[in-house]
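What follows is the residue order along each chain.
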Amino acid sequence: MTVALLWVAIPSTEVSNSFGFFHSVRVLDSSKFGCVDRNLMFKGKAKKGRNQKWKSGSVSIDLRSTCIGSGRKLPIISSMVASHAGEIAISSEEKVYNVVLKQAALVKQQLKSSEDLDVKPDIVLPGTLSLLSEAYDRCGEVCAEYAKTFYLGTLLMTPERRRAIWAIYVWCRRTDELVDGPNASHITPTALDRWEARLEDMFRGRPFDMLDAALSDTVTKFPVDIQPFKDMIEGMRMDLKKSRYKNFDELYLYCYYVAGTVGLMSVPVMGIAPESQASTESVYNAALALGIANQLTNILRDVGEDARRGRIYLPQDELAQAGLSDDDIFAGKVTDKWRNFMKNQIKRARMFFNEAEKGVTELSAASRWPVWASLLLYRRILDEIEANDYNNFTKRAYVSKTKKIASLPIAYARSFVGPSRMSSPVTKA
Ligand SMILES: CC(C)=CCC/C(C)=C/CC/C(C)=C/CC/C(C)=C/[C@@H]1[C@@H](COP(=O)(O)OP(=O)(O)O)[C@]1(C)CC/C=C(\C)CC/C=C(\C)CCC=C(C)C
Ligand SMILES: [Mn+2]
């Protein structure tokens, strides 16, 4: 597909932001996630279920999460919920894993079809090559300016992959800024619908501005699917209307939308090592886990900052079980109750990082270092929260430059560990 590199800046109406890199946009016109087999332990009876609607009745479900997405047992992190109609809604984990399966199937199919076809070189319109490289350079500048850690990671990548991640980063950042930036109060669901329509244009090779053009080009070069991008916009819709999370099931879905999607967007660019025996699903599941882990870490880092904006992402039922309430968070006092609560939250975030680790080794050799670096650096934020004695109310945990640099050789060493040779229960079909 040839990307027509035409873009215009027109008087701004809806969407602008602190970065100043939103061109004045009168954004064009208007848009929208089942799981692995799971042993549901009924009283005295085990039953395999897949997206099943459970009849009402005196059944108590003791969910043994055996999500086999990555071929290993995941901790029990979500629950089945019985709707008032007696039917059991499927858990967020189940919904999200269905997306993972679709993404994996899609990328397998696209990689297969690209093997079959001799890919014709793009017909490049005269003068557009320099415009396109200018567009990517601008994405790189934005990434360098607003996300030094991710930018550092991308410098360890091959040039084509680096540019693709920059383009994806910029779109993600612009999307996040719609609801998290200084102009967030002006954003409306309609504006998000228009942002989604603009995304669809990008995927059709009709970018709106130069930064869109970089992503348009990227999706012609890598088998990146539009769904994770649409799902991230759904996460922003959620942020617009939701400021509390009842339980981890709700929070898990939000983390998928805003961060798990980044993992799914990135895998086609990072590439899976040709010698990998792991299933594509398991690699995607690890990428999802890294996104979830990063977002949980981000939430734990930003408790005070988010509370001051009236947002509490921590699950309400878990706060209550720990003897805590919203008022304790607004009071910002580090008590033993808070320390115990935070220890459990950090433990869960680390479980997701551990899950992600199992997939990094399956990535292409050129991508393993940057992803290890990003994983180790973000996970270190959890160490810093502990070092701050769990005071994430007034202290923003961060990783010092020294520690960031110290992580790079560790990430480099780990990147030498490639795909496991042994056959695993979820090896490639
Ligand atoms: C080298 C590398 C890992 C690059 C990924 C870069 C990239 C595309 C990042 C996008 C980040 C972004 C701006 C997303 C928008 C929504 C958002 C803000 C998500 C939160 C990110 C943190 O942003 P920040 O620290 O700036 O937070 P504040 O806005 O300041 O609060 C998130 C926490 C999500 C980040 C999620 C990832 C980076 C997931 C990366 C996963 C992979 C690359 C998959 C790797 C593959 C396997 C198999 C593990
Ligand atoms: Mn944040």
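Residues numbered from 1 in each chain as written. Chains lettered and ligands numbered in written order. Predicted model: local features only at pLDDT ≥ 70, side-chain atom pairs only at ≥ 80, totals over all residues. Heavy atoms only, no water.

What follows covers the overall build of the protein chain. Of regular secondary structure, the protein chain possesses 15 helices and seven strands. Taken over 429 residues, the protein chain has a buried fraction of 54%. A total of about 19,300 Å² of accessible surface is found on the protein chain, and carbon and sulfur atoms cover 55% of it. (Helix = DSSP H or I, 4+ residues; strand = E, 2+ residues; numbered from the N terminus. Buried < 20%, exposed > 50% of the residue type's maximum accessible area, 1.4 Å probe, protein only. Areas by Shrake-Rupley, 256 points an atom, 1.4 Å probe, with all protein chains shown as cover.)

Before going further, it helps to spend a moment on the state of the cysteines. The full count for this structure, using the stated rule, is zero disulfides. With no disulfide of its own, Cys143 has Cys139 as its nearest cysteine by sulfur position, at a separation of 8.9 Å. For Cys172, which is in no disulfide, the shortest distance to another cysteine sulfur is to Cys143 and amounts to 10 Å. Owing to a relative accessible area of 10%, Cys172 belongs among the buried residues under this scheme. (Disulfide = S-S within 2.5 Å.)

Attention now moves to the side chain of Arg368. Looking at the secondary structure, you find Arg368 in helix 14 (residues 365–387). Among buried charged residues, Arg368 stands out as having no salt bridge; its nearest opposite-charge side chain is Glu275, 4.8 Å away. Polar side-chain contacts of Arg368 include one of 3.3 Å to the backbone oxygen of Val417. Setting aside its immediate chain neighbours within four residues, Arg368 contacts Ala273, Val360, Thr361, Leu363, Ser415, Phe416, Val417, Gly418 and Pro419. (Lys, Arg positive; Asp, Glu negative; His and termini not counted. Salt bridge = Lys/Arg side-chain N within 4 Å of Asp/Glu carboxyl O. Polar contact = N/O pair within 3.5 Å; in protein donor to acceptor, adjacent residues only side chain to side chain. Contact = heavy atoms within 4.5 Å.)

For the rest of this paragraph, the subject is the site of ligand 1. Within the structure, ligand 1 sits among 31 residues, and Arg173, Asn294, Asn298, Arg301 and Tyr378 are positioned closest to it. Take Asp302: an N or O atom from its side chain is 3.4 Å from an oxygen atom of ligand 1. In the model, an oxygen atom of ligand 1 is placed 2.7 Å from a nitrogen or oxygen of the Tyr378 side chain. Protein chains shield 94% of the accessible area of ligand 1, which is 1,000 Å² for the free molecule. Examining the composition of the shell around ligand 1, we find that nine residues originate from one element, helix 9 (residues 280–301), more than from any other. In terms of residue class, the shell around ligand 1 is made up of 18 nonpolar, eight polar and five charged. (Near = heavy atom within 4 Å. Nonpolar A, V, L, I, M, F, W, Y, C, P; charged D, E, K, R; others polar.)

Around the manganese ion (ligand 2), the donor atoms from the protein are Asn298 (OD1) and Asp302 (OD), and they sit 2.3 to 2.4 Å away. In this structure Asp302 comes out as buried when scored by relative accessible area, which is 5%. (Donors = N, O, S within 2.8 Å, 3.2 Å for Na, K, Ca; no water.)

In the contact formed by helix 5 (residues 189–203) and helix 6 (residues 210–221), the axes pass within 8 Å of each other and the chain directions differ by 50°. Considering their axes alone, helix 5 and helix 6 lie oblique with respect to each other. Between helix 5, through Arg198, Met202 and Phe203, and helix 6, the contact on the second element is made entirely by Asp212, Leu215, Ser216 and Val219. Looking at the contact of helix 5 with helix 6 residue by residue, the classes come out as four nonpolar, one polar and two charged. (Axes fitted to C-alpha atoms, helices over the stretch in contact; angles between N-to-C directions. Parallel < 35°, antiparallel > 145°, perpendicular 65-115°, else oblique.)

What is shown is where atoms sit, not what they do.
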